[in-house]
Amino acid sequence: MATKATAPGKVILCGEHAVVYGQPAIALPLQDVRATATIEDRPAGTGLAIQTPDIGEQGHGPAPTPHPFAALIGLTLAHLGRSTSVDIAVTLRSAIPIASGMGSGAALGAALVKALAHHFGAGIAPAEVSRLVYESERVFHGTPSGIDNTVVSYEQAIWFMRGRTDEAAPTFEPLVIKEPFTLLIADTGVRAPTHLSVGRVREQWLQAPEHFNRYFADIGALAAEVRALLATGNAQRLGAALDRNQVLLRQLGVSSPELERLIAAARATGAFGAKLSGAGAGGIMLALVDTASCAAVARALQEAGAQRIVQTTVGQHNVLF
Ligand code: PMV
């Protein structure tokens, strides 16, 4: 019998990069764009097979060996107290673009952990899903803040701060969102691995730590402002805060011409504000819109080169934890 589980994609509303250096950030789940893991039993003695058809389809070619998700399967089976010699077929599918900033890796990981737990008859809490996905993300990203695995595991808009060390637990809280708001998330189509962009910021920070710490602190202060605006509901001021975050991200050197083109197009057609989201250097941007501007902004983004656009209304799915 097949067991299925899903997990959402995510966007970082504000605070990316600075969050790696201990500043707060805000992330939102994308409930309608999801990754799915399916587990099926195989005949005894045939071992583990992993298929990721969408990863191949998105231009990344055949998965390398050992498979990137094999380590997470091992970690999860150990957590469940099971032997790692299992006879199962794992199929991972995702509607989330790979390496774009929408959390595809973390969502696939969270879906996989949940599907494995359910397949072997165990319950698993979001905290455990998050911890296991974080462990495996460290293999790929080096110094992930932990925001991706947390938001996709809890499926809730979060205020997030990493622990002081990689081993220390992060702190996070569900966000209060007074009025639902709509984001258009547009993909530049430029694939930009997170660890490269994070590594470039680290190199610059090592060259000029005081300078960069000031940028990070300014971004952290903006995240606090955005949190307060979400609690009171003011789209104009929220948009302006997102615009200011983009200025700081540009100064960190993580924007790109493709991102700037989409951001300018969104602002010119009535978005309240727009910024890159995630690691930058390609990947995605987001624009805060209302019902009056949404269609025009979406059209302008398409004309400016967006490869795909996701519309999401934040504050409508409130899963409390
Ligand atoms: O995975 P992405 O592209 O959404 O980027 C993650 C956000 C960063 O702050 C740049 C890195 C991190 O680990 O938080």
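Novice: For this particular structure, what's the right way to read the packing of aromatic side chains?
Specialist: Each aromatic ring pair is characterised by the separation of its centres together with the angle its planes make. Overall, the coordinates contain 5 aromatic pairs when judged by the stated rule. On the basis of an interplanar angle of 15° and a centroid distance of 4.2 Å, the ring pair of Y21 and F216 is categorised as stacked. With Y21 in the loop between β1 (3-14) and β2 (25-41) and F216 in helix α7 (residues 209-232), this residue pair connects regions lying 195 residues apart in the sequence. Here the two residues Y21 and F216 agree in accessibility, since each one is buried. Between F212 and Y215 the ring centres are 5.5 Å apart and the planes differ by 85°, which places this aromatic pair in the edge-to-face class. Linking F212 with Y215, this pair stays in helix α7, spanning 3 residues, or about one helical turn. Y215 sits in the buried class, given a relative accessible area of 15%. Every member of this aromatic cluster is reached through a ring pair, and the members are Y21, W205, F212, Y215 and F216. We note R227 situated over the ring of W159; from NZ or CZ to the ring centre the distance is 4.4 Å.

Novice: Sorry, what's going on with the layout of surface pockets here?
Specialist: Estimates place the volume of the second largest pocket at around 320 Å³. For the second largest pocket, the lining is made up of 21 residues, of which R131, Y134, A168, A169 and P170 are closest to its centre. When residues of the lining of the second largest pocket are traced back to their parent elements, those giving at least two are α4 (126-141) and α5 (147-154). Per-element accounting of the lining of the second largest pocket gives the leading share, 6 residues, to α4. Counted by class, the lining of the second largest pocket contains 8 nonpolar, 7 polar and 6 charged residues.

Novice: Sorry, what's going on with the domain arrangement of the chain here?
Specialist: Many descriptions give the size of an interface as the accessible area lost when the pieces come together. Per the domain assignment, the segments of the chain are domain 1 (3-174) and domain 2 (182-320). The distance between the C-alpha centroids of domain 1 and domain 2 comes to 23 Å. Between domain 1 and domain 2, the contact holds 34 residues from the first and 42 residues from the second. Of the roughly 3,100 Å² buried between domain 1 and domain 2 on both sides combined, carbon and sulfur atoms contribute 64%. Among the residues of domain 1 in contact with domain 2, L13, H17 and Y21 are the three that bury the most area, contributing 23% of the side total. If you look at where domain 1 meets domain 2, you find 2 salt bridges. In this structure, R227 and E173 form a salt bridge, with 2.4 Å as the shortest nitrogen-oxygen distance.

Novice: So what exactly am I meant to see when it comes to empty space enclosed by the protein here?
Specialist: The method is simple in principle: a probe with the dimensions of a water molecule rolls over the atoms, and the space it marks as empty is what remains. In this structure the tally under the stated criterion is 1 cavity of 30 Å³ or more. Considering the residues around the largest cavity, the lining is formed by A99, S100, G101, A192, T194, A279, G280, G282, G283 and I284. Of the residues assigned to the lining of the largest cavity, the class counts are 4 nonpolar, 6 polar and no charged. For the lining of the largest cavity, the domains that each give at least three residues are domain 1 (3-174) and domain 2 (182-320).

Novice: Which parts of the structure should I look at to understand the site of the ligand?
Specialist: For the ligand, the set of nearby residues contains 15 residues, the closest of which are K10, H17, S145, D148 and A279. Between K10 and the ligand, the recorded distance is 2.6 Å, taken from a side-chain N or O atom to an oxygen atom. In this structure, T194 approaches the ligand through a side-chain N or O atom, which is 3.2 Å from an oxygen atom. Here the ligand has 380 Å² of accessible area as a free molecule, and 94% of this is covered by the chains. Within the residue set of the shell around the ligand, elements represented by two or more residues are β1, α5 and α6 (194-207). Of the residues contributing to the shell around the ligand, the split by class is 7 nonpolar, 5 polar and 3 charged. Domain assignment of the residues forming the shell around the ligand places at least three in each of domain 1 (3-174) and domain 2 (182-320).

What counts and how
For every chain, the first residue of the written sequence is number 1, and numbering continues from 1 onward in sequence order. Two thresholds apply to this predicted model, a pLDDT of at least 70 for residue-level local features and 80 or more for giving and counting side-chain atom pairs, whereas whole-chain, interface and lining totals are computed over all residues. In computing side-chain properties, one takes all heavy atoms of the structure into account and sets aside hydrogens as well as water. Working definition: rings of Phe, Tyr and Trp (its six-membered ring) pair if their centres are within 6.5 Å, and the pair is stacked with planes under 30 degrees apart, edge-to-face with planes over 60 apart, and tilted otherwise. A run of H or I in DSSP counts as a helix once it spans at least four residues, and a run of E counts as a strand once it spans at least two, with each numbered from the N terminus. For each residue, the accessible area found with a 1.4 Å probe, counting protein chains only, is set against the maximum for its type, and the residue is called buried under 20%, exposed over 50%, and partly exposed in between. Charge-over-ring contacts are defined here by two conditions on Lys NZ or Arg CZ: a distance within 6 Å of the ring centre and an angle within 35 degrees of the ring normal. Throughout, the protein atoms alone are placed on a 1 Å grid, and a set of points is a cavity if a 1.4 Å probe fits but cannot get out or a pocket if it is open with protein on both sides within 12 Å along at least five of seven lines; lining residues have an atom within 4 Å of a point. Grid points are joined across faces, edges and corners, and a volume is the space filled by probe spheres set on the points. Nonpolar residues are Ala, Val, Leu, Ile, Met, Phe, Trp, Tyr, Cys and Pro. Charged residues are Asp, Glu, Lys and Arg, and all others, Gly as well, are polar. All the domain ranges listed were derived from an automatic or database domain assignment. Contact definition: two residues touch when any of their heavy atoms are within 4.5 Å. Two parts placed together each lose some accessible area under a 1.4 Å probe, and the buried area is that loss summed for both. Definition used for salt bridges: Asp or Glu carboxyl oxygen within 4 Å of a side-chain nitrogen of Lys or Arg. One heavy atom within 4 Å of a molecule or strand is enough for the residue carrying it to be called near that molecule or strand. Identification of polar contacts relies on pairs of N or O atoms within 3.5 Å, with a donor-acceptor requirement for protein atoms, meaning one able to donate a hydrogen and the other able to accept it, and with residues adjacent in sequence counted only if both atoms are side-chain atoms. All accessible-area figures derive from a Shrake-Rupley calculation using a 1.4 Å probe, and residue coverage is judged against the displayed protein chains alone.

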